[in-house]
Amino acid sequence: MLYKKNVEKSLKTELFKNPTSEFRGTPFWALNSYLTKEELCRQIDVFKEMGLGGFHLHVRTGLENEYLSEEYMELVKDTVVKAKSEEMLAWLYDEDRWPSGAAGGLVTKDEKYRSRCLFFTPFREEKHSGINDYWVNKKENPIACYDIILDSNGFLSSYKKIGENDEAEGTKWYAFLELANPSSWYNGQTYLDTLSSAAVKKFVEITHEKYKDKVGDEFDKTIPAIFTDEPQFTRKAVLNNSFDKMNITMPWTDNVPELYKEMYGEDIFDTLPEIFWDKPDSAPSVHRYRYHDFIAELFATSYPRFKSPKTHALPVVFGKSATAGITTNAGNTLQTLKISGKCLILDIFLLLFLKNFFPCVCAFVAQYFFYSSKKILVDTKAPPKKFDGRVG
């Protein structure tokens, strides 16, 4: 429980005059350059002098100590010991920079855990034309081919699956399963396949469980929670114009066809084009709805709902997600967080078009999804307008 004093019948006036650590600010503490115990403890003293209640141990670009090495873990333990002695809180952070999932590339050294996408293109050969080098094709043959015919308004007149070598009456489109290319941001590896529960399990084993082994005796004490930042899946790309011939991507993982058939009793490849083109007169497509709902549920099942037997008691604080998960699939994920008793971070940046309603959004989330604990953390880059700090 993050705010243990909240179970009391009323909060004492003295607590408002001199708040204890859990009611004070806890900044993201950028860990970069070469870290030493002496320098870390000195900076914690500065936090204390500033009136802060603790810190989030946030690895940033420039860290010279090897991430998750024994040396690094000893330094984490040193900060926890120091925080405890100062009656402060040490919030953990589960990634080398962000987004959470790759463990600084330690997980995705194994190709089976790497991020994937459905790569849809009208180009059989130079299929990467017009797109960056984020994706690399690992299979020479497409997983499906389609004959797409549009009407004069750009609506989907007809479509059908065809063979790779068959001629198309309209435009021939190819579907490929592709893996992410290695990137320096992930230390020469890639991001995680967050739609795969096996990949997420490996990430938790390498990170959360390692923290448990090193500083687990302070879980729910000096360490109130672990912050997982911006978990996401492949960006959903759409055509700029229905007549465009361009490369587009959608979230995917290896067992999507099998899981989709289990859920809906249908072959996802039979109706795949309806994800990308509107039906005549923009009629609703149940297959498009099913795909997006399926991916959202698959993400929520694989990432937020995963529980490690070793670390399940440690609350996980979810940071905002710019491309998927917490934000764009809020219904599925918020439901998950309520069930698992985890917390949510709302970022004003992601509520750009709702900024004037920010207090209402916070109150709604706190009351509807976290009614049993009446708590919510707010990650802000600027003070919201007309927000007096009250929730509920």
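Coordinates for the structure precede this section.
Criteria and thresholds
- Note that residues are indexed from 1 along each chain, following the sequence as it is written.
- Totals for whole chains, interfaces and linings use all residues, but because this is a predicted model, local features are given only for residues with pLDDT of at least 70 and pairs of side-chain atoms are given and counted only at 80 or more.
- Neither water nor hydrogens contribute to the side-chain values; these are computed over all heavy atoms in the structure.
- In DSSP terms, a helix is any run of H or I states spanning at least four residues, a strand is any run of E spanning at least two, and both are numbered starting from the N terminus.
- A helix's residues, less one, multiplied by 1.5 Å, set its expected span.
- The classification of residues rests on relative accessible area computed with a 1.4 Å probe and restricted to protein chains. Under 20% of the type maximum is buried, over 50% is exposed, and intermediate values are partly exposed.
- Grouping buried Ala, Val, Leu, Ile, Met, Phe, Trp, Tyr and Cys residues that are joined through side-chain atoms within 4.5 Å yields what is termed a nonpolar core.
- Residues are treated as being in contact if the distance between any of their heavy atoms lies within 4.5 Å.
- Axis lines are fitted through C-alpha atoms, for helices just across the contact stretch, and the angle between N-to-C directions can take any value from 0 to 180 degrees.
- Oblique is the label for any angle not under 35 degrees, not over 145, and not in the 65 to 115 range, which are roughly parallel, roughly antiparallel and roughly perpendicular in turn.
- Should the near helix be turned anticlockwise from the far one by less than a right angle, the crossing is left-handed, and should it be turned clockwise, the crossing is right-handed.
- Identification of polar contacts relies on pairs of N or O atoms within 3.5 Å, with a donor-acceptor requirement for protein atoms, meaning one able to donate a hydrogen and the other able to accept it, and with residues adjacent in sequence counted only if both atoms are side-chain atoms.
- Ring geometry is summarised as follows: Phe, Tyr and Trp rings, the Trp one being its six-membered ring, pair when their centres sit within 6.5 Å, and such pairs are stacked at plane angles under 30 degrees, edge-to-face over 60 and tilted between the two.
- Comment: the charge-over-ring label is applied if NZ (Lys) or CZ (Arg) is within 6 Å of the ring centre and within 35 degrees of the ring normal.
- Take a side-chain nitrogen of Lys or Arg and a carboxyl oxygen of Asp or Glu: if they are within 4 Å of each other, that pair is a salt bridge.

Trainee: Would you take a moment to explain helix α7 (residues 286-302) for this structure?
Mentor: Under the 1.5 Å per step criterion, the end-to-end length of α7 is 24 Å for 17 residues, consistent within 8% with the ideal 24 Å. Among all positions in α7, only H287, Y291, F294, I295, A296, L298, F299, A300 and S302 are buried.

Trainee: What's the story with the nonpolar core in this structure? I'm lost.
Mentor: If you look at soluble globular proteins, the nonpolar side chains tend to sit buried side by side. Residues F120, W252, I268, L272, F276 and W277 are the most contacted members of the largest nonpolar core, which totals 37 residues. Residue assignment for this core shows that the elements contributing at least two residues are β4 (116-121), β6 (144-150), β8 (171-180), α4 (197-206), β10 (248-251), α6 (256-264) and α7. Here this core gets five residues from one element, more than from any other, and that element is α7. Apart from the residues within four sequence positions on either side, L272 is in contact with L118, F120, Y146, A175 and W252.

Trainee: What is the right way to look at the packing of α6 against α7 in this model?
Mentor: For any two helices packed against each other, one specifies the inter-axial angle together with the distance between the axes. For the pair α6 and α7, the least separation of the axes is 11 Å and the interaxial angle reads 110 degrees. Comparing their axes, α7 and α6 come out roughly perpendicular. Considering how the two elements wind past one another, α6 and α7 form a crossing that is right-handed. Across the interface between the two elements, V256, L259, Y260, M263 and Y264 of α6 pack against H287, R290, Y291, D293, F294 and L298 of α7.

Trainee: Explanation requested: unusual backbone geometry in the structure shown.
Mentor: When glycine is set aside, most residues are seen to have a negative phi, and most peptide bonds are trans. For the bond from W98 to P99, the omega torsion is -5 degrees, close enough to zero to count as cis. Mapped onto the fold, P99 is located in the loop between β3 (89-93) and β4. The phi torsion at L68 lies on the positive side, around 65 degrees, for a residue other than glycine.

Trainee: Can you help me understand the side chain of D96 in this one?
Mentor: Note that D96 resides in the loop between β3 and β4. Judged by relative accessible area, D96 falls into the buried class, the value being 10%. For D96, the side chain forms a polar contact with the side chain of N187, separated by 2.9 Å. In this structure, D96 is in contact with V59, Y67, G104 and N187, ignoring residues within four places of it in sequence.

Trainee: Just to check I follow, could you spell out the packing of aromatic side chains for this structure?
Mentor: Between two aromatic rings, the relevant description is the distance of the centres plus the angle of the planes. Overall, the coordinates contain 23 aromatic pairs when judged by the stated rule. Measuring from centroid to centroid gives 6.1 Å for F47 and F55, while their planes differ by 35 degrees, and the two rings are tilted. In this pair, the class of F47 matches that of F55, namely buried. An aromatic cluster of three or more residues is present, and its members are F120, Y146, W173, F276 and W277. Against the face of Y174 rests R124, its NZ or CZ located 6.0 Å from the ring centre.

Trainee: Just to check I follow, could you spell out the pattern of salt bridges for this structure?
Mentor: One side chain can pair with another of opposite charge once the charged atoms of both are near each other. This model, assessed by the stated rule, comprises 16 salt bridges. Of the charged contacts in the structure, one is a salt bridge between K5 and E22, with a shortest N-O distance of 3.0 Å. One end of the pair, K5, is in the segment before α1 (13-17); the other, E22, is in the loop between α1 and β1 (28-33), and 17 residues separate them in sequence. Relative accessible area serves as the criterion here: at 26%, K5 is assigned to the partly exposed category. In this structure, the salt-bridge partner of E218 is K84, at a minimum N-O distance of 2.9 Å. In this pair, E218 sits in the loop between α5 (208-215) and β9 (226-228) while K84 sits in helix α3 (residues 70-85), placing the two residues 134 residues apart along the sequence. Residues participating in the shared-partner salt-bridge network are D45, K82 and E86.

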